[in-house]
Amino acid sequence: MLRVLAVDDEQPALEELLYLLRADPRIRSAEGATGATEALRLIGSAVDAGPDDPSAIDVVFLDIHMAGLTGLDVAQLLAGFAAPPLIVFVTAHEGFAVHAFDLKAVDYVLKPVRRERLAEAVRRVAEQVGERSAPVHDSASDQIPVELGGVTRFVPVDEIAYAEAQGDYARLHTATGSHLVRIPLTTLEERWRTRGFVRIHRRHLVALNRIDELRLDAGSMSVRIGEAELAVSRRHTRALRDLLMRQGGR
């Protein structure tokens, strides 16, 4: 359940945004601010109070064009916080999208705001908040949320045989199918390194205990996982061979 702050210096636009946000069942609370100064005061107080305080803010839905400080200015200031809330820009202007994503915005929603488009932004925020709050430990029972037909499922990490890079997304392959998640492969590599996953190629991250065969052919290496044969890049060949030898010697 998300705690939201909406910021817009036009009162009708702010009230409409708050109405749509409060109608979403994933939103626990949604408060409004009519300018950057008020927003920064509320965010600063919330950060100081801590994530468990009733005033805590998970995400700021932020207009860009405002009197005084702009939404982009606010985002730059928040980047200096130790644990800032997430940001979704809500604006009538398309031209700032690149700058917005450089500031690590979760989404960029154009006005007039459509209910369906806002719901997608909330989904993306909920996914990232879930990742932030997930406990970090080595238990094989850890799960990762995936979307399937509009429903969120939780797939145990120990069911994942390998992950495949697809731009800023990763496709997770299990024995029963695959799931696309909006997480870069490099993030999964860092998160799952202690859980037996190893990078074998810029496109693939594999679970060592899921490798069925290691194949050498004319100096090139590949691994077989189920029906899939995945190439091992030259820069990863020696490290993978050493890992498998150490694992086999246990």
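The coordinates are above.
Conventions and cut-offs
- Residues numbered from 1 in each chain as written.
- Predicted model: local features only at pLDDT ≥ 70, side-chain atom pairs only at ≥ 80, totals over all residues.
- Heavy atoms only, no water.
- Core = buried A, V, L, I, M, F, W, Y, C linked by side-chain atoms within 4.5 Å.
- Buried < 20%, exposed > 50% of the residue type's maximum accessible area, 1.4 Å probe, protein only.
- Helix = DSSP H or I, 4+ residues; strand = E, 2+ residues; numbered from the N terminus.
- Contact = heavy atoms within 4.5 Å.
- Axes fitted to C-alpha atoms, helices over the stretch in contact; angles between N-to-C directions.
- Parallel < 35°, antiparallel > 145°, perpendicular 65-115°, else oblique.
- Left-handed = near helix turned anticlockwise from the far one by under 90°.
- Nonpolar A, V, L, I, M, F, W, Y, C, P; charged D, E, K, R; others polar.
- Salt bridge = Lys/Arg side-chain N within 4 Å of Asp/Glu carboxyl O.

Student: So what's going on with the nonpolar core? Which residues, and what values?
Tutor: In terms of nonpolar packing, the biggest core is built from 23 residues, with Leu5, Val7, Val60, Leu62 and Phe89 touching the most fellow members. Secondary structure elements with two or more residues in this core: β1 (2–7), α2 (36–49), β3 (59–62), α3 (71–78) and β4 (86–91). Considering every element that reaches this core, the biggest residue donor is α2, with five residues. Discounting chain neighbours no more than four positions away, the residues touching leucine 5 are Glu31, Gly32, Ala33, Ala39, Leu42, Ile43, Ile57, Val59, Val60 and Phe61. In terms of nonpolar packing, the next biggest core, distinct from the first, is built from 22 residues, Val59, Val90, Ala121 and Val122 among them.

Student: Can you tell me about the packing of α2 against α3, naming the residues and giving the values?
Tutor: It is at 10 Å that the axes of α2 and α3 come closest, and there the two elements cross at 25°. One finds that α2 runs roughly parallel with respect to α3. By crossing handedness, the relation of α2 to α3 is classed as right-handed. Counted together, Ala36, Leu40 and Ile43 of α2 and Val74, Leu77 and Leu78 of α3 form the full contact between these two elements. When its residues are assigned to classes, the contact of α2 with α3 shows six nonpolar, no polar and no charged.

Student: Explain the pattern of salt bridges residue by residue, including any values.
Tutor: Across all of its chains, the model carries 15 salt bridges by this definition. One salt bridge in this structure joins arginine 203 and glutamate 164, with 2.4 Å as the shortest N-O distance. Separated by 39 residues along the polypeptide, arginine 203 in the loop between β11 (197–201) and β12 (204–207) and glutamate 164 in strand β8 (residues 160–166) bring together distant segments of the chain. For glutamate 164, a relative accessible area of 14% gives the class buried.

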